[in-house]
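What follows is each chain in one-letter form.
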Amino acid sequence: MAEPIDPKKADLRKQLERAQELKREQLEKEKEHRAEGKQETKARGERQHAFAEAEILEQERKKREFKEWQAAEADRKKAIAEMKKKKEEERKFWEDQDAKNAERHKKRAAYMKHMQEQNARQALLERRKTAAKKLMDDTREKAEWDALRGRQQAELQAKEERRRAEQQGRKKRADADQEEQRLKETADEEARQKKAKLEAQEREALSRLDGDMRRRRIEAGNLPVGVREAELRKIETDERRERDKITQDKRGKQTAVDTETNKRKLEIDALTRRKREEATIRERESLQSVETKERQSGDQAGKEAIRREGEAARRAYRIEHGEEEIPS
């Protein structure tokens, strides 16, 4: 069985271990402080060495810059001397040039005066040519524009006149068509009425025939038997003959009505065809007249443009040759 632990000894042992740990931490810190001190001493020595080297370099730089300044100063003085010499040479050169230029200017002034006079003459000639050309261009442009406008107006007027002529022609042909239809309908109605009258006349004739035949049959009924039979057969024969005669008469008259109606329709066709043809001829003549008038208007516009251009050409010649003042 294990020996029991004394609480006091345990606490003492813990305090001892804690004291040892604190001592170790203290030693570590002192060690770090010593290392940092050495590092700082080393860095301070390096900085002092660097300052010393920098001072030496600064002194060398100042010496070098002084030597360079001395050399630059010598070059500057030399350049100034050369510049003065060059300016003196330039002064003499320009004095000579001024003398030569004065002579050249004198000759040039005489030449320029001559050229100015010549240029003035040439400028006047150019002005006249320009004015002449402008007159021609303006006149040609306006004349062509007026001619175009005249032709356009003639075209518009001709278009309107053609429209009216065609409209009038269509109307007259339509009137002829309506007249043809109306006259034919009237002819058909009159024929229908005549045929209806013939039908009525046929019915009246057949009714009278039926009355006559009944009367004769009644009268035959009073005859002796032998005679009666013969009379009845005769009555039958007469009735058929009369009926056929009435029917044939109606048919003949109806045929005559149809013939007369067809003849009248042919006359109506001829009449209305003639009216349509006359309307077409008048329309064609109107269109030809419009076309001729349009062509004449266009030709007149072109002739007027040519006349104006010719007059402008004559004026342009006079202006260019000084025979007429330049237009303002």
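Residues numbered from 1 in each chain as written. Predicted model: local features only at pLDDT ≥ 70, side-chain atom pairs only at ≥ 80, totals over all residues. Heavy atoms only, no water.

## Notes on the environment of K134
Part 1 of the argument: In this fold, K134 is placed in helix 1 (residues 7-221).
Part 2 of the argument: By relative accessible area, which is 51% here, K134 ends up exposed.
Part 3 of the argument: Between the C-alpha atom of K134 and that of A316, which follows or precedes it by 182 residues, the distance is 8.8 Å. (Helix = DSSP H or I, 4+ residues; strand = E, 2+ residues; numbered from the N terminus. Buried < 20%, exposed > 50% of the residue type's maximum accessible area, 1.4 Å probe, protein only.)

## So, the nonpolar core
Part 1 of the argument: Counting seven residues, the largest nonpolar core consists of A205, L206, L209, M213, A220, I235 and I246.
Part 2 of the argument: Looking at this core, the elements that each hand over two or more residues are helix 1 and helix 2 (225-320).
Part 3 of the argument: Sorting elements by how many residues they give to this core places helix 1 first, with five residues. (Core = buried A, V, L, I, M, F, W, Y, C linked by side-chain atoms within 4.5 Å.)

## Notes on helix 2
Part 1 of the argument: Look at helix 2: 140 Å from first C-alpha to last across 96 residues, which is about the 142 Å you get at 1.5 Å a residue.
Part 2 of the argument: Remark: G322 follows helix 2 within two positions and exhibits a positive phi of approximately 75°. (Expected span 1.5 Å × (residues − 1).)

## Description of the pattern of salt bridges
Part 1 of the argument: Applying the stated criterion to the full structure yields 27 salt bridges.
Part 2 of the argument: Notably, a salt bridge pairs K184 with E180, separated by 2.9 Å at the nearest N-O pair. Separated by four residues within a single helix, K184 and E180 lie in helix 1, roughly one turn from each other.
Part 3 of the argument: According to the relative accessible area criterion, K184 is partly exposed, its value standing at 21%.
Part 4 of the argument: The class of E180 is buried, set by a relative accessible area of 14%.
Part 5 of the argument: Between E180 and R276 there is a salt bridge, with its nearest N and O atoms 3.0 Å apart. Placement of E180 in helix 1 and of R276 in helix 2 is noted, with a sequence separation of 96 residues between them.
Part 6 of the argument: What emerges from the salt-bridge pattern is a single network uniting D177, E180, K184, D269 and R276. (Salt bridge = Lys/Arg side-chain N within 4 Å of Asp/Glu carboxyl O.)

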